[in-house]
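# A closer look at the structure
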Amino acid sequence: MHAKFQKTLYSVGVFRHYCGYSYFQDAVFLAVEEPDRLQSIQKEIYLPIAKKYQTSIANVEKNIRTVRDVIMKNGGEYLLVELTGCQFWLDKKPYPKELIEIFANYFSRYQGNI
């Protein structure tokens, strides 16, 4: 699953040098493990990531927004349409929580390979 995740992000210009790359990856994998974590995203996703990387919740979210912005700048709206089947991503930028959920839903198919 990690290789597929990396390949997908690389396809829209998100590389490991972005601080948010690891945060986003961890957020997606936490949501894959337990989708209900998205209901309390700050407490159940951002806080564990912030503790792991010794940073703040605000910094985690900010860097995930940066990942989102890079994705959208590099044609990511078409990737989101492909992952969700919804055309409205062509005109809308997802919130970080939505982006995490989209990727988690897609990558939950590869859950056995985490």
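Look up: the structure comes first, before these words.
Residue indices follow the written sequence of each chain, beginning from 1 at its first position. A pLDDT threshold of at least 70 governs which residues receive local features in this predicted model, and a stricter bar of 80 or more applies before side-chain atom pairs are shown or counted, although totals over entire chains, interfaces and linings include all residues. Side-chain numbers come from the whole structure's heavy atoms, not from hydrogens or water.

Before going further, it helps to examine the packing of aromatic side chains. Any aromatic ring pair is given by two values, namely how distant the centres are and how the planes are angled relative to each other. We call Phe, Tyr and Trp rings a pair once their centres come within 6.5 Å, taking the six-membered ring for Trp, and we label the pair stacked below 30 degrees between planes, edge-to-face above 60, and tilted otherwise. If you walk through the whole model with that rule in mind, you get eleven aromatic pairs. Ring centres of Y10 and F15 lie 4.9 Å apart, and the angle between their planes is 45 degrees; on these two criteria the pair is classed as tilted. Three exposure classes are used, based on accessible area relative to the maximum for each residue type with a 1.4 Å probe and protein chains only: buried under 20%, partly exposed in between, and exposed over 50%. Using a relative accessible area of 32% as the deciding quantity, one classes Y10 as partly exposed. One aromatic cluster is present, formed by F5, Y21, F24, F29, F103, Y106 and F107 through successive ring pairs.

This part covers helix α4 (residues 57–73). Residues lying three or four places apart along an α-helix face the same way, a consequence of the helix completing one turn every 3.6 residues. Going along the chain from the N terminus, every DSSP run of H or I of four or more residues is numbered as a helix, and every run of E of two or more is numbered as a strand. A helix is expected to reach a length of 1.5 Å times the quantity of its residues less one. Across its 17 residues, α4 extends 24 Å between first and last C-alpha, which sits within 8% of the 24 Å expected from 1.5 Å per residue. Listed as buried for α4 are V60, N63, I64, V67, R68, V70, I71 and M72. Here, two residues are considered to be in contact whenever any of their heavy atoms come within 4.5 Å of each other. The inward-facing, buried residues of α4 contact α1 (2–10), α2 (19–33), α3 (41–53), α5 (76–84) and α6 (96–107). Among the residues trailing α4, G75 stands out with phi positive, at a value near 85 degrees.

Moving on, we get to α3. Its 13 residues place the ends of α3 17 Å apart at the C-alpha level, agreeing with the 18 Å of an ideal helix rising 1.5 Å per residue. Here the bend at each residue means the angle between axes fitted to two seven-residue stretches, the one ending at that residue and the one beginning there. Helix geometry: α3 is bent most strongly at L47, by close to 30 degrees, with proline P48 lying one to four residues after it. Within the span of α3, buried status applies to I41, I45, Y46, I49 and A50. Where α3 is buried, its residues contact α2, α4 and α6. Immediately beyond the C-terminal end of α3, within one or two residues, lies Q54, with a positive phi of roughly 55 degrees.

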